[in-house]
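Next come the chains, spelled out residue by residue.
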Amino acid sequence: MSTPIIFVSLGPGDPELITLKGLKALQQADIIFCPATTTSTGKQTSRSANILQELNIEASHIHPFLLPMNKDRSQAHQAYDSVYITAVDSQRQGKRVVIVAEGDAGFYSSVHYIYDKFVATNISVEQIAGIPAFIASGAMAGMHIVSQEEKLMVIPGNITTIELDNYLREGFVIVIMKLSQCKEAVHQCITLHPDYAYHYFENVGTEKEYYTQNRKELIEKGYPYFSLMIIRE
Ligand code: SAH
């Protein structure tokens, strides 16, 4: 049986927020696939690569692959398919292969598409858990995200004002990921319910980390991709 290909969860950005198990897998890897994107100015960036660098992982082992940031998933799938092919090839040559994901690799992580493909084609594969961004955000603000009988609802950006209102009235604590996709619904909720608590987080675990509960500011500011909100009644 060949060495499994390992999916390592890197955590939200702070290099210390990786598990020991994840770090060991990175240190022992011969080849590490890591997602990268291109900015509007044409520069290649990779938050994952930054984390790997800060963890002193051998640079020659890191293989960034470009992911398009548009909504059309077919281009991303092409990039993933090519990682799949190289990963399988490397594993056959006896190399220890790692694929990294930000936060937790099994939580709104499109790279899991490759994991499913390995499973479907009987390639041995393993997934190492990590800290998702919303958990790191709660810790950063010293929050008890949910307590006792409270229920948690995680929304990946696709919510209307009415749905949001209903969930909050039902007593859910809400986590909104991909916040930029439901800016209007969030603004209206803040206007309708100024008494609720709105915890806004941006770039948690990086030097650009930002946290605020200021409602006026939350209506005026833009929400970048790496932002999320926790709303409590
Ligand atoms: N697998 C990741 C989630 C990826 S989905 C995890 O476990 O956290 C991408 C969304 O996650 C972003 O739109 C944003 O809402 C959130 N996110 C990821 N990293 C973040 C960070 N460092 N700070 C704030 N939000 C973050």
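Residues numbered from 1 in each chain as written. Predicted model: local features only at pLDDT ≥ 70, side-chain atom pairs only at ≥ 80, totals over all residues. Heavy atoms only, no water.

Chemist: Looking at this structure, I do not really get the domain arrangement of the protein. What am I missing?
Modeler: A common way to state how big an interface is: give the accessible area lost once the parts meet. For the protein, the domain assignment lists domain 1 (5-128) and domain 2 (133-232). When each unit is reduced to the centre of its C-alpha atoms, the spacing between domain 1 and domain 2 is 28 Å. At the interface, 10 residues of domain 1 touch 13 residues of domain 2. Summed over both sides, the interface of domain 1 with domain 2 buries roughly 930 Å², with 67% coming from carbon and sulfur. Counting the surface domain 1 buries against domain 2, the share from its top three residues, Arg47, Phe107 and Tyr108, is 55%. Taken together, the connections running from domain 1 to domain 2 amount to 0 salt bridges. (Domains from an automatic or database assignment. Contact = heavy atoms within 4.5 Å. Buried area = accessible area lost by both parts, 1.4 Å probe. Salt bridge = Lys/Arg side-chain N within 4 Å of Asp/Glu carboxyl O.)

Chemist: Teacher, can you tell me more about the sheet that holds strand β7 (residues 151-155) here?
Modeler: Neighbouring strands of a sheet are bound in pairs by backbone hydrogen bonds; such pairs are parallel or else antiparallel. Pairing in this open sheet of 5 strands is mixed, and the strands run β7-β8-β11-β9-β10 from one edge to the other. Unpaired on one side and paired on the other, β7 and β10 (210-212) mark the two borders of the sheet. On average, adjacent strands in this sheet sit at an angle of 15° to one another, irrespective of strand direction. The sheet contacts of helix α6 (residues 161-169) involve β7, β8 (172-176) and β11 (227-232), and relative to β8 the element is tilted by about 140°. (Pairing = 2+ DSSP bridges. Helix = DSSP H or I, 4+ residues; strand = E, 2+ residues; numbered from the N terminus. Axes fitted to C-alpha atoms, helices over the stretch in contact; angles between N-to-C directions.)

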